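Reading the structure
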Amino acid sequence: MRKACLTFVLLLVSYANCISQEHILDDIIPEIKTLSDTLHFEKARREVQNLFNNKESDKALTYSNTLLEISKHIGYDKGIGDMHNQIGTIYNSVDQSVKAFRHYEMAAVYFNKIKYTLGLATTNNNRAIIEQKRGNFEKSAEYLLESNTQYEREQDSVGLSNSFNNLGNVYAALGDFESAKKYYNKSIIIKKKKRLDRVGIMMNNLALLYIDNKKADSAKSILLESLDIGKKDNNSRSMAQSYSILAKVALFNKDYKTAKKYYDSTLVTGKIAQWKPLLINAKQQLGLIAIETKDFKKAENLLSTSRREFAALGMTPLLLKNYQYAAKLDSAKGNFAGAFVWQKRYQELSNQSSSEATARKIEKTESHYKAELEQLKVIDAQEKRERQTKETLFTYRLLAFISIGIFLIISVFLIMIIRTRKERKRYIKELNESNEVKNKLFSIISHDLKNEIHGLEGSLNLMKEEIISTEEFKEIVPILANRTHQTSILLNNLLNWSKSQMKELNAQPTTFDIAEVIGSKFTFFKPKAEQKDIKLINKLDSTMIFADKDMFDIVAQNLIANAIKFCNPGDSIALLSKEKEDRYEICFQDTGVGIDPDHIHKLFAEDTFTTEGTQNETGTGLGLKICKELIELNKGEIKVESTPGEGSIFSISLPKAA
């Protein structure tokens, strides 16, 4: 009862503040008539900011547009820049990033005009956040580095610290651990030195970075320090987050007792901070701990409660995790039928949450495919009519030249019929082959590529619509990176397979060193290998071969990706070369799961063959088929040796450089 009364009082105070701010604005705005009234303007701008801070976005936008027009009328360039920046921030808060970015661009124009460095720094920081949301991390980093220079010039510690933190977020998303750590530490040092708030939140970001890179012990020491700071500053939000991440570290080490203690603390501090998603997630994780400790009744109560609350908030990713935990609970209890039901519900919800935009793209692709089929039918009918016309004309010519002789006429007639039939058969064969290629291509697109795009776009939309928090989104970034990596390889293989089917692949051999190609590929696959804890070993010496460099690049990418796919944590992938008489043999040797002897003959067959990787990675089965075709186009050979449980060796031989 006391808590309800307190909440009601806080709501009344908030409402009264909003009404008060509107009255102030209505009184001040008419007073702004000339450029000398900038003090009134700045006061009005601050009141608009307060409206926005109180989540009165619509009213804040209305007043912001009014102030923008007034600032233009009186020629107040700083005011124009400030209001464009404010309007951009309002649009960004409701995920209208295109409009937001346009206003930030206009703000930069006016701030540049008056050389207002601090305004430019803020605008660049805002533009960087939008570019990060779009996935343009390199561009985001450019804006932030420029923003850092401007904040340093103005000696703005708060802005500089926030900018460093954002740079840490960008490099963390790019998988650059060292750079992310460097900028997080810079942000933390400034905040500690200047005794600024939110230092605990930034330390928690650094701890999450360590956890993502499997440095749990380092993360724990940072979190304990962050927790002490949160206690001293009485920052319940920072404390709740620290407890939650500490619990995650304990779960990682399977220390369920410690994890439960930290999640219990998360519940206590999370209630004070009114951080509802974190509270519900803590209940759900306590349910998981109850499963692991065989307290099934408690687990069922916790999962049921968190399920209802996640459903009410529309937090689909956490609700999907809840279904997985429910299935795990039923399995642990021996209720496999119940577990199957939860798995089914999980799949149904997962399918339901797929992006409508992606579905429209697939529908558009299918429509385009159907239109092409209709066009092919029209062309086929036209060709038939043309052939009929030719046959009719030929008949008339035969009648006109009948005097030349029956034998000659019959001979010519038979020759033309045979030629026509061959042409017709060739056209039909080409059309059938083209249709088979298209059918297979669209089958792969509508299944493999559709699932990857659905998963990526669905996850990004959850972040865009603020269904999950930034911290929760960071936890799925490695999954998104893995999906993006798989999609890139899939698209590359689809393109080359399509070219091979259309007979458009031609080798253009040159002399090059394969060590350079492998070096760049190791750099490309390093994040993926580190994610699975796989060691990449390059034992290649300088090896000059005569082949198509781009084709060898594709072969190397597919073979390394294939090796990573079928390796477990702790395995290794080594590359070495052997010199023969007139060629080199390059070996891609891994210590992975190996290949079933019954499956080896299927790897390079006409029909595609694929199996799931060690972390359920999927594929189209085109990769090795493409490798074989590209190697043979370069007068080479590919072969495989494998022992189940010990690993595989894919060997390719190519001509030496002259």
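Residues numbered from 1 in each chain as written. Predicted model: local features only at pLDDT ≥ 70, side-chain atom pairs only at ≥ 80, totals over all residues. Heavy atoms only, no water.

Section: the overall build of the protein
What the protein contains, in helices and strands, is 23 helices and seven strands. Counting across all 658 residues of the protein, residues that qualify as buried make up 44%. Considering only intrachain contacts with a sequence separation of at least 6, the fraction spanning at least 24 residues in the protein is 64%. Summed over all atoms, the accessible surface of the protein reaches about 35900 Å², with 53% contributed by carbon and sulfur. (Helix = DSSP H or I, 4+ residues; strand = E, 2+ residues; numbered from the N terminus. Buried < 20%, exposed > 50% of the residue type's maximum accessible area, 1.4 Å probe, protein only. Contact = heavy atoms within 4.5 Å. Areas by Shrake-Rupley, 256 points an atom, 1.4 Å probe, with all protein chains shown as cover.)

A word on helix α6 (residues 117-134)
With 18 residues, α6 extends 26 Å between its outermost C-alpha atoms, agreeing within 8% with the 26 Å of an ideal straight helix rising 1.5 Å per residue. Those residues of α6 not exposed but buried are Thr 117, Gly 119, Leu 120, Ala 121, Thr 123, Asn 124, Asn 125, Asn 126, Arg 127, Ala 128, Ile 130 and Glu 131. Once α6 ends, the next one or two residues include Gly 135, with phi positive near 90°. (Expected span 1.5 Å × (residues − 1).)

Things to note about the packing of aromatic side chains
Applying the stated criterion to the full structure yields 10 aromatic pairs. Geometrically, the ring pair formed by Tyr 243 and Tyr 262 is tilted, given 6.3 Å between the ring centres and 35° between the ring planes. Residue Tyr 243 is found in helix α12 (residues 236-252), and its partner Tyr 262 is found in helix α13 (residues 256-273); the two are separated by 19 residues along the sequence. Among the residues examined, Tyr 262 registers a relative accessible area of 9% and is labelled buried. Aromatic side chains Phe 524 and Phe 525 sit 5.0 Å apart centroid to centroid with 85° between the ring planes, which places their arrangement in the edge-to-face category. Given a relative accessible area of 0%, Phe 525 falls into the buried group. Members of the aromatic cluster, connected to one another through ring pairs, are Phe 164, Tyr 171 and Tyr 183. Over the ring of Phe 524 we find Lys 521; its NZ or CZ atom is 5.6 Å from the centre of that ring. (Phe/Tyr/Trp six-rings, centres within 6.5 Å; stacked < 30°, edge-to-face > 60°. Lys NZ or Arg CZ within 6 Å of the ring centre and 35° of its normal.)

Considering the side chain of Ser 140
One can find Ser 140 in helix α7 (residues 137-154). Look past the residues within four positions of Ser 140 in its chain and what remains in contact with it is Ala 128, Glu 131, Gln 132 and Val 170.

Concerning the confidence of the model for the protein
When pLDDT is averaged along the protein, the result is 78; 76% of the residues meet or exceed 70. Confidence scores differ between elements of the protein, with helix α1 (residues 2-28) showing the lowest mean pLDDT of 48 and strand β7 (residues 647-655) the highest of 92. pLDDT under 50 marks residues 1-18. Its contacts with residues more than four places away, or in other chains, come to four contacts. Confidence drops under a pLDDT of 50 for residues 440-448, and excluding neighbours within four residues, the segment shows 18 contacts in the predicted structure. (pLDDT = per-residue confidence, 0-100.)

Brief notes about helix α17 (residues 336-352)
Along its 17 residues, α17 runs 24 Å from first to last C-alpha, staying within 8% of the 24 Å computed at 1.5 Å per residue. In this fold, the buried residues of α17 make contact with α15 (296-313) and α16 (316-332).

Things to note about the sheet that holds β7
Taken together, the five strands give an open sheet; going across it, the order is β2-β4-β5-β7-β6, and neighbouring strands pair in mixed fashion. Looking at the sheet topology across the chains shown, the edges are occupied by β2 (535-538) and β6 (637-643). Each strand of the sheet is rotated relative to its neighbour by a mean of 15°, with strand direction disregarded. Across seven bridges, the pairing between β6 and β7 is antiparallel. Following the sheet pairing, Ser 642 is matched in β7 by Ser 648. Sitting on the sheet, helix α21 (residues 514-531) touches β2, β4 (572-579) and β5 (583-590), and the angle it makes with β2 is about 170°. Sheet contacts for helix α22 (residues 549-565): β4, β5, β6 and β7; angle to β7, the most-contacted strand, approximately 170°. (Pairing = 2+ DSSP bridges. Axes fitted to C-alpha atoms, helices over the stretch in contact; angles between N-to-C directions.)

So, the pattern of salt bridges
Oppositely charged side chains can pair when the atoms bearing their charge come close. Counted under the stated rule, the structure contains 20 salt bridges. Put simply, Glu 585 and Lys 639 hold a salt bridge, and the shortest N to O gap is 3.7 Å. Highlighted residues: Glu 585 in strand β5 and Lys 639 in strand β6, separated in sequence by 54 residues. A relative accessible area of 11% places Glu 585 in the buried class. You can call Lys 639 partly exposed: its relative accessible area is 39%. (Salt bridge = Lys/Arg side-chain N within 4 Å of Asp/Glu carboxyl O.)

A few points about a nonpolar patch on the surface
Residues Phe 401, Ile 404, Leu 408, Val 412 and Met 416 make up a contiguous nonpolar surface patch of roughly 420 Å² in combined accessible area. Within the secondary structure, Ile 404 sits in the loop between α18 (356-400) and α19 (406-464). Taking relative accessible area as the criterion, Ile 404 reaches 48% and is therefore assigned partly exposed. (Patch = residues over 30% accessible without salt bridge, like charges linked within 9 Å, V, L, I, M, F, W, Y side chains within 5 Å.)

Brief notes about the pairing of β5
In terms of burial, β5 is a largely internal element, six of the eight residues being buried. In this antiparallel pair of consecutive strands, β4 and β5, the connection spans three residues.

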